[in-house]
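This is what each chain is made of:
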Amino acid sequence: MDRIPESVGLTLCILFIHVKMPFVTRTLALACFLAAILVLPACSKPKDAESPAAPAVTSAAPLYSYAQTNDLRIAPQLTTGWYGVEDGGWRWMAKESASTLKNPGVLPAQFEVRLTLPKPLMAAAGGPITFTVMLDGKVLGEEVYKHDGAFVFEKTVPPGALTPGPVAVTFSVSKAKPPDPKGDVRELGAIIEGFGFK
């Protein structure tokens, strides 16, 4: 037999109470049923009905092929050598950092890194800094920066350069600002705003 909807069942119960019970008892019973009408829908509603959970992002199952480092959704794909978001727009990396990106699927593709090397960092380095990008354990390219500023590292990823599945991304700098016991205790390599496949 089909199940009687809750609203129909409650209506039938209220009619029965109205006919069979004394006035005072009937009033109390009606109040209870009205409370039940309000409570039952909330109890039977799935917890995620109003805001279904988004797919889980992990380093083993990255959802994004481009990482805007101030986007908190990308955080699970930043695995080691990364610090928190600063000024709402970027993150420092250490001397070396690792992350994963979703495979672009089609090659050739352009890979870019938007980075900044501030004056204090270059002063601490005492000379040029070499920035190296590796994809799946292979060097994609290197750039030597002789002065402070904002830069865009960009290289073409050729066919056959990537293995199937998530792409392991490693950045490194030849020199980093060492931790300062009296100031910033972090090892600072470069400011990274975004990186990935275009």
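Computed from a predicted structure; not experimentally measured.

Below, the discussion takes up the overall build of the protein chain. For the protein chain, the helix and strand inventory stands at 3 helices and 9 strands. Listing every helix and strand of the protein chain by position from the N terminus yields α-α-β-β-β-β-α-β-β-β-β-β. Split into buried and exposed, the 198 residues of the protein chain put 31% on the buried side. Contacts in the protein chain between residues far apart in sequence, at least 24 positions, make up 64% of those at least 6 positions apart.

With that settled, the discussion passes to the nonpolar core. By size, the foremost hydrophobic cluster in this structure holds 38 residues, and its most contacted members are Phe111, Val113, Phe131, Leu135, Phe171 and Phe195. Residues contacting valine 113, with those up to four places away along its chain left out, are Phe131, Val133, Phe151, Val152, Phe153, Phe171, Ile192, Gly194 and Phe195.

On to the environment of alanine 125. Here alanine 125 lies in helix α3 (residues 119–125). Look at alanine 125 and you get buried, because its relative accessible area is 16%. Put simply, alanine 125 and glycine 189 are 64 residues apart on the chain and 9.7 Å apart in space, counted from C-alpha to C-alpha.

Turning next to the packing of aromatic side chains. Counted according to the given criterion, the structure contains 8 aromatic pairs. Plain terms: the ring middles of tryptophan 90 and tryptophan 92 are 6.4 Å apart, the flat faces sit at 80 degrees to each other, and that makes the pair edge-to-face. Ring geometry for phenylalanine 111 and phenylalanine 197: centres 5.2 Å apart, planes at 75 degrees, overall edge-to-face. Residue phenylalanine 111 is located in strand β4 (residues 109–117), and its partner phenylalanine 197 is located in strand β9 (residues 190–197); the two are separated by 86 residues in the primary sequence. By relative accessible area, which is 6% here, phenylalanine 197 ends up buried.

Let's shift gears to the pairing of strand β6 (residues 138–145). Taken together, the 7 bridges between strand β5 (residues 129–135) and β6 define a ladder with antiparallel strand orientation. In the strand pairing of β6, isoleucine 129 is matched with tyrosine 145. Counted along the chain from β5 to the antiparallel partner β6, the turn is 2 residues long, and its residue aspartate 136 has a positive phi close to 50 degrees.

Quick notes on the rules
- Residues numbered from 1 in each chain as written.
- Predicted model: local features only at pLDDT ≥ 70, side-chain atom pairs only at ≥ 80, totals over all residues.
- Heavy atoms only, no water.
- Helix = DSSP H or I, 4+ residues; strand = E, 2+ residues; numbered from the N terminus.
- Buried < 20%, exposed > 50% of the residue type's maximum accessible area, 1.4 Å probe, protein only.
- Contact = heavy atoms within 4.5 Å.
- Core = buried A, V, L, I, M, F, W, Y, C linked by side-chain atoms within 4.5 Å.
- Phe/Tyr/Trp six-rings, centres within 6.5 Å; stacked < 30°, edge-to-face > 60°.
- Pairing = 2+ DSSP bridges.

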